[in-house]
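Listed here are the chains, written in short residue letters.
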Amino acid sequence: MKTLYELCKLITQGVYVIAVTDGQRERAFTAAWVMQVSFEPPMLVFSINPQHSSYPILKTGGRCTINVLAKQQLGIAAHFGRSGLDDKMTGFQWQKTQQGTSALAESIGYFECSVHHTTVAGDHELIVCNILDAVFLNPGEPMLYRDTGNMDGTDT
Ligand SMILES: Cc1cc2nc3c(=O)[nH]c(=O)nc-3n(C[C@H](O)[C@H](O)[C@H](O)COP(=O)(O)O)c2cc1C
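Note that the coordinates shown come from a computational prediction; the quantities given were computed from them, not determined experimentally.

## As for the overall build of the protein chain
At step 1: A count of helices and strands for the protein chain gives 3 helices and 9 strands.
At step 2: Secondary structure elements of the protein chain occur, N-terminal to C-terminal, as α-β-β-β-β-α-β-α-β-β-β-β.
At step 3: In terms of C-alpha radius of gyration, the protein chain reaches 15 Å, essentially the compact-globule figure of 15 Å for 156 residues.
At step 4: With respect to the three principal axes, the spread of C-alpha positions in the protein chain is 40 × 35 × 35 Å.
At step 5: The contacts in the protein chain between residues at least 6 apart in sequence include a share of 66% that link residues at least 24 apart.
At step 6: Carbon and sulfur atoms form 54% of the exposed surface of the protein chain, whose accessible area is close to 8500 Å².
At step 7: Taking the average location of the 11 positive side-chain charges in the protein chain and that of its 15 negative ones, the two points are 4 Å from each other.

Given below as structure tokens:
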């Protein structure tokens, strides 16, 4: 699997913090498997492991923000890539979107999304979303998945 995962890091991908809410609970996780899939209407897809704490919140709430991380924000990627943290959202500045989801104030920008449909893909689920809003917040160069090294533990 080493070669597979090494080569996967050469598929050009950014790194994002996906924040979910169901109106009661909030959670966020780091994701690299994100891409645009339609111009009209504007849509994107991301892939989530159903075992993540964020998953049931996303399924109930049906909305999220996808926050684009900048090159130097490796600490943020590592934080939201950790599971089992009770107060994961604390210590960061969040701004409320029109839909009531939280956006990461220090990101380059964010997409505000609502879930259109989902489909199972192996041990993950593909979440196909309508893009409701797209907002630039700060100048910066986007982080690349390959910049994260073994942060996600795929280097065996
Ligand atoms: C660089 C990086 C990329 C990741 N990409 C994804 C991804 O695309 N999809 C996914 O489900 N998890 C991905 N993860 C793993 C989750 O971020 C991680 O399991 C997180 O702890 C889940 O958080 P939660 O359980 O609080 O929801 C990635 C982690 C890192 C560090």
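## Considerations on the side chain of Glu125
At step 1: Within the secondary structure, Glu125 is located in strand S9 (residues 124-136).
At step 2: For Glu125, a relative accessible area of 7% gives the class buried.
At step 3: Within the local environment of Glu125, its side chain forms a polar contact with the side chain of Lys59, the two groups lying 2.6 Å apart.
At step 4: Apart from the residues within four sequence positions on either side, Glu125 is in contact with Phe46, Ser47, Ile48, Pro50, Tyr55, Lys59, Thr118, Thr119 and Val120.

## Observations concerning the site of the ligand
At step 1: Around the ligand, the surrounding shell holds 21 residues, and the nearest of these are Arg27, Thr30, Ser47, Ser54 and Lys88.
At step 2: At 2.9 Å from an oxygen atom of the ligand is found a side-chain nitrogen or oxygen belonging to His52.
At step 3: Between the ligand and Ser54, the relevant distance is 2.5 Å, taken from an oxygen atom to a side-chain nitrogen or oxygen of the residue.
At step 4: Protein burial of the ligand: of its 640 Å² of free accessible surface, 92% is covered by the chains.
At step 5: With respect to the detected pockets, the ligand is housed in the largest pocket.
At step 6: Contributions of two or more residues to the shell around the ligand are made by strand S2 (26-31) and strand S4 (43-48).
At step 7: The element contributing the most residues to the shell around the ligand is S2, with 4 residues.

## Details of the packing of aromatic side chains
At step 1: If you walk through the whole model with that rule in mind, you get 3 aromatic pairs.
At step 2: Residues Phe80 and Phe92 carry aromatic rings whose centres are separated by 4.9 Å and whose planes lie at 50° to one another, so their mutual orientation is tilted. One end of the pair, Phe80, is in helix H3 (residues 74-80); the other, Phe92, is in the loop between H3 and strand S6 (94-96), and 12 residues separate them in sequence.
At step 3: Classification of Phe80 by relative accessible area gives buried; the value is 1%.
At step 4: Judged by centre distance (5.8 Å) and plane angle (80°), the ring pair of Phe80 and Trp94 falls under edge-to-face. In this pair, Phe80 is assigned in helix H3 and Trp94 in strand S6, connecting sequence segments 14 residues apart.

## With respect to the layout of surface pockets
At step 1: As a volume, the largest pocket reaches approximately 860 Å³.
At step 2: For the lining of the largest pocket, the secondary structure elements donating two or more residues are helix H1 (2-8), S2 and H3.
At step 3: Considered class by class, the residues forming the lining of the largest pocket number 13 nonpolar, 13 polar and 5 charged.
At step 4: Lining the second largest pocket, in full, are Thr12, Gln13, Gly14, Tyr16, Val34, Met35, Gln36, Leu44, Ile66, Val68, Phe111 and Ile131.
At step 5: Mapped by element, the contributors of at least two residues to the lining of the second largest pocket are strand S3 (34-38) and strand S5 (63-68).
At step 6: By residue number, the principal contributor to the lining of the second largest pocket is S3, which donates 3 residues.

Cut-offs used in this document
- Residues numbered from 1 in each chain as written.
- Predicted model: local features only at pLDDT ≥ 70, side-chain atom pairs only at ≥ 80, totals over all residues.
- Heavy atoms only, no water.
- Helix = DSSP H or I, 4+ residues; strand = E, 2+ residues; numbered from the N terminus.
- Rg over C-alpha atoms; globule rule 2.2 N^0.38 Å.
- Contact = heavy atoms within 4.5 Å.
- Areas by Shrake-Rupley, 256 points an atom, 1.4 Å probe, with all protein chains shown as cover.
- Lys, Arg positive; Asp, Glu negative; His and termini not counted.
- Charge placed at Lys NZ, Arg CZ, Asp CG, Glu CD.
- Buried < 20%, exposed > 50% of the residue type's maximum accessible area, 1.4 Å probe, protein only.
- Polar contact = N/O pair within 3.5 Å; in protein donor to acceptor, adjacent residues only side chain to side chain.
- Near = heavy atom within 4 Å.
- 1 Å grid on protein atoms, 1.4 Å probe; cavity = no way out; pocket = protein on both sides within 12 Å on 5 of 7 lines; lining within 4 Å.
- Sits in = over half its atoms within 2 Å of the grid points.
- Phe/Tyr/Trp six-rings, centres within 6.5 Å; stacked < 30°, edge-to-face > 60°.
- Points joined across faces, edges and corners; volume = space filled by probe spheres on them.
- Nonpolar A, V, L, I, M, F, W, Y, C, P; charged D, E, K, R; others polar.

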